[in-house]
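# Observations on chain architecture
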Amino acid sequence: MVNSLPEAGFNAYFTMYCGLKDSMPKEAAAEATQPDDATCWLCGRTSSEIGSALSGDTEDEAKISKEIAATKAAKDALQTNAAKWREVVPEAFKEFDLAFVLQNADQFKSMQFLSLLTDEGRNTVRELDEVSFAVRKGAPIKMSGTPVDESQRASIASRLNDFEKTTSRKLKREQDLHDVEYQRLGYIARLSGLKLVDGIDYIKEAGLFYYDLQLEAREKARLAASKHRPVWKLRSVKFRDFPKEISICTVCERLLKEFRPGVEAGQPKATPIA
């Protein structure tokens, strides 16, 4: 925070600032710089001190950081839960097709983890399907609401191909829009032919892959957001007939602007209409 000033002192600084603004060429003010050890004439801080005091994430960065933390937690939870789910599958159900189980979930209530598995499938396999479709169709790509830069399209497409080869299962394509089974079952159609335990493994692999894609997209978004941080610096200004230039920091400048009247200095205020 800037040092507090007596009212008379602030008024003097304010008057000086108005004079600086009106008397100094904007181009010269914008280009003037100060040595590293220079201090602001108002708050007495150097550029490094100002930067240190005001360092930290912007609002956008903080929001993205929370999303990254949530994604990492979801990924860790999936890794842990999938191992537990495999262990508790009843022997009598192991040969059942996972797609059949999910379509008839009411008949398999004894498997208490089934609702969590279903949610995981909706949140990852279904979302991964939509990413695959957008990437290959040339549509805008989003990872759980986070836009993905166009420059990443080719890389994501390559990784989607590798995932399909590893799992021996295709993700959503244009032709799926005309497939009756896919239209009826959605992402569950992706699980047809997989026994219950194998289906759990597929959901885990698809989920981990999707979470990795999300994390990369959000890390890039956070980096882009960091580039919009305000730059705090000092600059030299000439105050009319003042014999020497003085230094002022952008923090003090902005504070002074915040306290300025709604009209320009020297301009008469509008007379209210009766």
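Presented here is a report on the structure given in the accompanying data block.

## What to know about the pairing of strand S4 (residues 246–249)
Of the two faces of S4, the one lined by Ile-246 and Ile-248 and the one lined by Ser-247 and Cys-249 are each fully buried. In terms of strand pairing, strand S3 (residues 234–237) meets S4 through four bridges, oriented antiparallel. Each residue of the ladder has a partner; that of Arg-235, found in S4, is Ile-248.

## Considering the packing of helix H6 (residues 114–137) against helix H9 (residues 196–226)
The relative placement of two packed helices comes down to the angle between their axes together with the axis-to-axis distance. Contact geometry of H6 with H9 gives a least axis separation of 9 Å together with a crossing angle of 55 degrees. The orientation of H6 relative to H9 falls into the category oblique. In the packing of H6 onto H9, the handedness of the crossing is left-handed. On H9, the residues that touch Leu-117, Glu-120, Gly-121, Asn-123, Thr-124, Val-125, Glu-127, Leu-128 and Val-131 of H6 are Ile-200, Tyr-202, Ile-203, Ala-206, Gly-207, Phe-209, Tyr-210, Tyr-211 and Leu-213. The residue inventory of the contact of H6 with H9, partitioned by class, reads twelve nonpolar, four polar and two charged.

## Considerations on unusual backbone geometry
The backbone of Ser-144 sits at a positive phi, close to 50 degrees, despite the residue not being glycine. Position of Ser-144 among the secondary structure elements: in the loop between strand S1 (142–143) and strand S2 (146–147). The residue Ser-168 is not glycine, and still its phi comes out positive at about 60 degrees. Residue position: Ser-168 is located in the loop between helix H7 (153–167) and helix H8 (180–185).

## Looking at the nonpolar core
Grouped together as the largest cluster of nonpolar side chains are 45 residues, with contacts concentrated most on Leu-117, Leu-128, Met-143, Leu-191 and Tyr-202. In this structure Met-143 touches Val-131, Val-148, Ile-156, Tyr-210, Leu-213, Gln-214, Ala-217 and Arg-218, once residues within four positions along its chain are discounted. Counting 13 residues, the second largest nonpolar core, distinct from the first, contains Cys-40, Leu-42, Cys-43 and Cys-249.

## Digging into the pattern of salt bridges
A complete count under the given rule lists 15 salt bridges for this structure. Two residues, Asp-201 and Arg-86, come together in a salt bridge whose shortest N-O distance is 2.6 Å. One end of the pair, Asp-201, is in helix H9; the other, Arg-86, is in helix H4 (residues 59–88), and 115 residues separate them in sequence. Of the charged contacts, one joins Asp-119 and Arg-122 as a salt bridge, the two residues approaching to 3.1 Å between their closest N and O atoms. Placement of both Asp-119 and Arg-122 in helix H6 is noted, with a separation of three residues, approximately one turn of the helix. Here the salt bridges share partners, and the residues they tie into one network are Asp-129, Asp-176 and Arg-190.

## Quick look at the packing of H6 against H7
Viewed as axis vectors pointing N to C, H6 and H7 meet at an angle of 125 degrees, and their least axial separation amounts to 10 Å. On the basis of the axis angle, H6 is oblique to H7. Between H6 and H7 the crossing geometry is left-handed. Contacts between H6 and H7 involve Leu-128, Val-131, Ser-132, Ala-134, Val-135 and Arg-136 from the former and Arg-153, Ile-156, Ala-157, Leu-160, Asn-161, Phe-163 and Glu-164 from the latter.

## Digging into the side chain of Arg-218
In this fold, Arg-218 is placed in helix H9. Given the relative accessible area of 7%, Arg-218 is considered buried. Of the polar contacts made by the side chain of Arg-218, one reaches the backbone oxygen of Ser-144; its length is 3.4 Å. Contact partners of Arg-218, with chain neighbours within four places excluded, come to Ile-64, Glu-67, Ile-68, Thr-71, Met-143, Ser-144 and Thr-146.

## A few points about the packing of aromatic side chains
Evaluated as defined, the whole model comprises eight aromatic pairs. Relative to Phe-108, the ring of Phe-93 has its centre 5.2 Å away and its plane inclined at 80 degrees; by these criteria the two rings are edge-to-face. One end of the pair, Phe-93, is in the loop between H4 and helix H5 (98–103); the other, Phe-108, is in the loop between H5 and H6, with 15 residues separating them in the sequence. Like Phe-93, the residue Phe-108 is buried in the burial classification. Between Phe-96 and Phe-100, the ring centres sit 6.2 Å apart and the planes meet at 25 degrees, which makes this aromatic pair stacked. Since its relative accessible area comes to 29%, Phe-96 is described here as partly exposed. Aromatic ring contacts, followed pair by pair, group Phe-93, Phe-96, Phe-100 and Phe-108 into a single cluster. Positioned above the aromatic ring of Phe-133 is the side chain of Lys-172, whose terminal nitrogen or guanidinium carbon lies 4.9 Å from the ring centre.

Cut-offs and rules
- Residues numbered from 1 in each chain as written.
- Predicted model: local features only at pLDDT ≥ 70, side-chain atom pairs only at ≥ 80, totals over all residues.
- Heavy atoms only, no water.
- Buried < 20%, exposed > 50% of the residue type's maximum accessible area, 1.4 Å probe, protein only.
- Helix = DSSP H or I, 4+ residues; strand = E, 2+ residues; numbered from the N terminus.
- Pairing = 2+ DSSP bridges.
- Axes fitted to C-alpha atoms, helices over the stretch in contact; angles between N-to-C directions.
- Parallel < 35°, antiparallel > 145°, perpendicular 65-115°, else oblique.
- Left-handed = near helix turned anticlockwise from the far one by under 90°.
- Contact = heavy atoms within 4.5 Å.
- Nonpolar A, V, L, I, M, F, W, Y, C, P; charged D, E, K, R; others polar.
- Core = buried A, V, L, I, M, F, W, Y, C linked by side-chain atoms within 4.5 Å.
- Salt bridge = Lys/Arg side-chain N within 4 Å of Asp/Glu carboxyl O.
- Polar contact = N/O pair within 3.5 Å; in protein donor to acceptor, adjacent residues only side chain to side chain.
- Phe/Tyr/Trp six-rings, centres within 6.5 Å; stacked < 30°, edge-to-face > 60°.
- Lys NZ or Arg CZ within 6 Å of the ring centre and 35° of its normal.

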